[in-house]
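An overview of the molecular structure
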Amino acid sequence: MDIYKLIRKNILGLEPYSTARDEYGGQVGIFLDANESPFDNGFNRYPDPAQKSLKGKVAAIKGVPVENIFIGNGSDEAIDLCYRIFCEPRVNNAVAMAPTYGMYGVAAGINDVEFRQVLLNEDFSLDTGKLLSKCDAGTRLIFLCSPNNPSARALPNSQVEDILQKFEGIVVLDEAYIDFSSVPSMLPELDRYPNLIILQTFSKAWGAAGLRLGMAFASRQIIGYFSKVKYPYNVDVVSMRAADAALSADVAAKVRITLSERARVSDALSAIPGLFVYPSDANFLLVKVPDADVMYGKLLERGIIVRNRSNMPGCAGCLRVTIGTPAENDALLAAFAGILGSGGTVPEAEGLPAGFSRWAEVRRKTGETDVYVRICLDGGFESSSDTGLKFFDHMLDQIPRHSGVALKVKAAGDLDVDEHHTVEDVGIALGEAIGKALGDKRGIERYGFVLPMDDCEASVLMDLGGRIDFEWDVPFTREYLGDVPTEMFRHFFKSMCEAMKCNLHVKASGENNHHLAESVFKAFAKALRAAVRRDAWNYDVPSSKGTL
Ligand code: PMP
């Protein structure tokens, strides 16, 4: 590959500025060549424009020869230089993924270079074919960010290599977060690809964002052009001196802490219903929340500042959260739990873990019964049923077991009169509780589904859309099952359906009456599980009306 063909003509022929330090590189003598102040204050002299000492240390740490290293004012400088060296304004273009780090596009805009983006897949993986099809004869740069900001996902190196082999321009691989990644750096492959530029930075794992020190690694020729085009004294003496200290710090120990904290925070946030945490190869987490603007504001009220990324492509509802110190992470977790926990239908009670929002309690007291129902659609407490009717309890137990909801039912009814009131009122209270716990129904799947069971076939079709329709076709041949009259099952489901405001179509057939009843409760549980489940990718209300 002829790299020279990719370099802008004005840059190829550029005669770089020659500094006083370029012309005389010795360390001792009386320096009267650079019009500096002679009075020593620690920074009265210009810095070494070639950053030899710092590059020597970086070379030793990274295992890359000095002539393959560029050091700049953050990796942002290197990004800008890529455009200035390779892209003719209004002629060439650059291609990147979306979402990705914003400076690739901003630097393109500043340099008047067309910037094209390819949307990543839903799981933030990259489709190589899609990326390459965005490229044409004018494409000089492809920016790959791995691990990517803000998705936190790393590209497999095999995919990067595939792109390097197929693309006839420059591939800029931004490895700003590589120290936190399970995918290894591509640095050892640098020699094999003349069109590869790898960016790294001291701003992340090295803990030196304030120094503004970024690195680019590439072939000698490319680094030669970086050195030609950069400002002569692009890294100052104070930063270079501080970099010495930063480079001797125990970075690996800090990275280990960040990685274990990342796992801890990710697990804790994932356990909070309504939150979805994307896998991370970086020192931050991308977290999908029910309402990013509201959550951002509530975290801010608690003094915690995160980055709202919900307007970036593919990131609807997402906040980007940097992993802090263990104490800062504790504060973050407490804030999330507090916000989502206190936003629920009832205050924290009876040992329900903080952070659950889709739960409700209903107390229904009449002259005939006293029913208490407590439900959490996302689990979270031990379920139990105690209605005084053994067979009914057995049936109610099927609901939490097969739906994943947590359900507590306690009923004291006039069983001395009949089973009717107890079964009916449990149905009503349970329906009300489910409706309440569903809240605004954001993100729910809405529909249930059909399934076969044992010798019976039970289908329970459910739509939580808000309209009531009840159909029942379950031919019992016995009058009683245990202590419950079989006619009461229809009445239970009808009462619940009306209180819950849903469509419920129940159909079952089979020989054994016990199985028949049980299969209906199990199918109901499965349908409920499917219908109340939240889709982590979508927090809209599942209706074209926008409300349910
Ligand atoms: N690349 C990526 C992917 C980043 O996220 C950032 C900072 N947010 C940078 C580069 C910038 O690094 P620097 O501080 O070295 O300019």
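Along each chain, the written sequence defines residue order, and numbers are assigned to residues from 1. In keeping with the model being predicted, local features are shown solely for residues with a pLDDT of at least 70 and side-chain atom pairs are shown and tallied solely at 80 or more, while totals for entire chains, interfaces and linings include all residues. For side-chain calculations, the full set of non-hydrogen atoms in the structure is used, while hydrogens and water are omitted.

The next point concerns the overall build of the protein chain. Of the regular secondary structure elements, the protein chain holds 16 helices and 21 strands. Here the globule rule is a power law, 2.2 Å times the number of residues to the power 0.38, and the radius of gyration is based on C-alpha atoms. In terms of overall size, the protein chain is more extended than a compact globule, its C-alpha atoms giving a radius of gyration of 32 Å where 548 residues would be expected to give roughly 24 Å. When its C-alpha atoms are laid out on the principal axes, the protein chain stretches across 110 × 50 × 35 Å. For the exposure calls, accessible area comes from a 1.4 Å probe over protein chains only, and a residue counts as buried if that area is under 20% of its type's maximum, exposed if over 50%, partly exposed in between. A total of 548 residues make up the protein chain; the buried ones form 53% of that total. By definition, any uninterrupted DSSP run of H or I lasting at least four residues is a helix, any uninterrupted run of E lasting at least two residues is a strand, and each is numbered from the N terminus.

Looking now at the packing of aromatic side chains. Stacked, edge-to-face and tilted are the three classes for Phe, Tyr and Trp ring pairs, Trp counted by its six-membered ring, which pair at centre distances within 6.5 Å; planes under 30 degrees apart are stacked, over 60 edge-to-face, the rest tilted. Scanning all chains against the criterion turns up 21 aromatic pairs. Taken together, a centroid distance of 4.3 Å and an interplanar angle of 15 degrees make the contact between Y46 and Y233 stacked. Linking Y46 in the loop between α2 (20–23) and α3 (52–62) with Y233 in the loop between α8 (220–229) and α9 (237–247), this pair joins segments that are 187 residues apart in sequence. Residue class for Y233 comes out partly exposed when judged on its relative accessible area of 24%. An aromatic cluster is defined as three or more aromatic residues linked by ring pairs; in this entry it consists of F391, F392, F470, W472, F476, F489, F492, F493, F521 and F524. Over the ring of Y231 we find R84; its NZ or CZ atom is 6.0 Å from the centre of that ring. The ring of F284 is capped by R320, whose NZ or CZ atom sits 5.5 Å from the centre of that ring. Should the NZ of a Lys or the CZ of an Arg lie within 6 Å of a ring centre and within 35 degrees of the ring normal, that charge is described as sitting over the ring.

A domain assignment, automatic or from a database, supplies the domain bounds used here. The domain architecture assigned to the protein chain consists of domain 1 (3–246), domain 2 (252–340) and domain 3 (359–532). Taking only C-alpha atoms into account, the centre of domain 1 sits 29 Å from that of domain 2. On the side of domain 2, 18 residues touch domain 1, which itself brings 19 residues to the contact. Each of two parts loses accessible area, computed with a 1.4 Å probe, when they are put together; buried area is these two losses added. Around 1400 Å² of area is buried between domain 1 and domain 2 when both sides are counted, 66% of it from carbon and sulfur atoms. Contact with domain 2 buries surface across domain 1, with P150, A152 and F180 losing the most and accounting together for 42% of the total. Salt bridges are defined by distance alone: a side-chain nitrogen of Lys or Arg within 4 Å of a carboxyl oxygen of Asp or Glu. For the interface between domain 1 and domain 2, the tally reads 0 salt bridges. Whenever two N or O atoms come within 3.5 Å, that pair is a polar contact, provided that in protein one can donate a hydrogen and the other can accept it, and provided that, for residues adjacent in sequence, both atoms are side-chain atoms. If you look at where domain 1 meets domain 2, you find 5 residue pairs in polar contact (both at pLDDT 80 or more). By the convention adopted, Pro, Cys, Tyr, Trp, Phe, Met, Ile, Leu, Val and Ala count as nonpolar, Lys, Arg, Asp and Glu as charged, and the other residues, Gly among them, as polar. Residue composition of the side of domain 1 that touches domain 2, by class: 12 nonpolar, 6 polar and 1 charged. Any two residues having at least one pair of non-hydrogen atoms within 4.5 Å are treated as being in contact.

A single heavy atom is enough: if one lies within 4 Å of a molecule or strand, its residue is considered near that molecule or strand. Of all residues adjacent to the ligand, which total 14 residues, the nearest are S75, D174, Y177, T201 and S203. Within the side chain of D174, a nitrogen or oxygen atom sits 2.6 Å from a nitrogen atom of the ligand. K204 places a side-chain nitrogen or oxygen 3.1 Å from a nitrogen atom of the ligand. The protein chains shown are the only cover counted for residues, whose accessible areas, like all others here, come from Shrake-Rupley with a 1.4 Å probe. Taken by itself the ligand offers 400 Å² of open surface, and the protein chains cover 91% of this. Top element by residues in the shell around the ligand is helix α4 (residues 74–86). It accounts for 3 residues. Considered class by class, the residues forming the shell around the ligand number 5 nonpolar, 5 polar and 4 charged.

Counting 87 residues, the largest nonpolar core has Y83, F86, L141, F143, L144, I197 and F226 as its most contacted members. With 7 residues, the single largest contributor to this core is α4. Two domains each provide a minimum of three residues to this core, namely domain 1 (3–246) and domain 2 (252–340). If we skip the residues at most four places from it in the chain, L144 touches M97, L126, L131, L155, V160, I163, V171, V172, L173 and D174. By size, the runner-up hydrophobic cluster in this structure holds 57 residues, among which are V373, L389, L430 and V532. We call a set of buried residues a nonpolar core when its members are Ala, Val, Leu, Ile, Met, Phe, Trp, Tyr or Cys and they connect through side-chain atoms within 4.5 Å of each other.

The next point concerns helix α16 (residues 513–532). Quick reminder: α-helices carry 3.6 residues per turn. Residues three or four places apart thus point the same way. The end-to-end C-alpha distance of α16 is 29 Å, a good match for the 28 Å that 20 residues give at a rise of 1.5 Å each. With 16 of 20 residues buried, α16 lies mostly within the body of the structure. Taking the backbone nitrogen of H514 as reference, a side-chain oxygen 2.9 Å away marks N512 as the first, capping residue of α16. Expected helix span is given by 1.5 Å per residue-to-residue step, counting one fewer step than there are residues.

Note on pairing: two strands pair once DSSP finds at least 2 bridges between them. Ordered in space as β8-β9-β11-β10, the 4 strands form an open sheet in which the pairing is antiparallel. Both outer strands of the open sheet, β8 (276–277) and β10 (307–308), are each paired with one neighbouring strand and no more. In terms of strand pairing, strand β9 (residues 284–288) meets strand β11 (residues 318–322) through 5 bridges, oriented antiparallel. From the neighbouring strand, L286 faces β11, where its bridge partner is R320.

Position of T139 relative to the elements: it lies in strand β4 (residues 139–145). Look at T139 and you get buried, because its relative accessible area is 5%. Of the polar contacts made by the side chain of T139, one reaches the side chain of N93; its length is 2.7 Å. Reaching out from T139, the side chain makes a polar contact with the backbone nitrogen of D136 at a distance of 2.8 Å. Setting aside residues up to four positions removed in sequence, T139 forms contacts with N93, V95, R116, K134 and F167.

Right, let's get into unusual backbone geometry. With omega at 0 degrees, the peptide bond leading from A98 into P99 counts as cis. Note that the residue after S146, namely P147, is joined by a cis bond; omega there is -5 degrees. With respect to the secondary-structure elements, P147 resides in the loop between β4 and α7 (157–166). Even without glycine at this site, R90 takes up a positive phi of about 65 degrees.

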